Amino acid sequence: MTAELQSWGYTPIQAANLHVMLGLGNCRYFEQPVPYNYLEYGVRNPIRTDRTGHVRAPDGPGLGLDIDWQQMERA
């Protein structure tokens, strides 16, 4: 049975949700809020849909996100 999870929020929450979905292996759709720019604050490598309509988990340790700590400090 397929399961389609929902996750609205900033990029770290979306990345965690995407990792869960990929781990389950029975999810086909990643729901991404639009407009998404305001939810990408403080992240240099946000999750974006590619030309074929797919998303990929960010590379790197943990959730794979590259956090802009200076931007976060300013906030």
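For clarity, every value in this text was computed on a predicted model and none was experimentally measured.

### A short note on the nonpolar core
Core analysis: the largest hydrophobic core is formed by 10 residues, namely Ala15, Leu18, Met21, Cys27, Phe30, Val43, Ile47, Val55, Leu65 and Ile67. When near neighbours in sequence (up to four residues on either side) are disregarded, Val43 contacts Thr11, Pro12, Leu65, Asp66, Ile67, Asp68 and Gln71.

### Looking at the environment of Leu63
Secondary-structure assignment places Leu63 in the loop between α1 (11-24) and α2 (69-74). When the C-alpha positions of Leu63 and Ala16 are compared, they lie 6.5 Å apart, and in sequence the two are 47 residues distant. Sequence-distant contacts of Leu63, defined by excluding residues within four places in its chain, comprise Pro12, Ala15, Ala16, His19 and Pro58.

### Remarks on unusual backbone geometry
Residue Pro35 is reached from Val34 by a cis peptide bond, and omega for that bond is 0°. Within the fold, Pro35 resides in the loop between α1 and α2.

### Topic: the pattern of salt bridges
Two side chains of opposite charge can pair, provided their charged atoms sit close to one another. Enumeration over the complete set of coordinates arrives at 5 salt bridges. One salt bridge connects Arg28 with Glu4, and the closest N-O pair in it is separated by 3.9 Å. Here Arg28 is found in the loop between α1 and α2, whereas its partner Glu4 is found in the segment before α1, with 24 residues between them in sequence. Between Glu40 and Arg48 there is a salt bridge whose closest N-O contact spans 2.8 Å. By relative accessible area, Arg48 is classed as partly exposed at 39%. A single salt-bridge network, built from bridges that share partners, covers Arg44, Asp66 and Asp68.

The rules we used
- Residues numbered from 1 in each chain as written.
- Predicted model: local features only at pLDDT ≥ 70, side-chain atom pairs only at ≥ 80, totals over all residues.
- Heavy atoms only, no water.
- Core = buried A, V, L, I, M, F, W, Y, C linked by side-chain atoms within 4.5 Å.
- Buried < 20%, exposed > 50% of the residue type's maximum accessible area, 1.4 Å probe, protein only.
- Contact = heavy atoms within 4.5 Å.
- Helix = DSSP H or I, 4+ residues; strand = E, 2+ residues; numbered from the N terminus.
- Salt bridge = Lys/Arg side-chain N within 4 Å of Asp/Glu carboxyl O.

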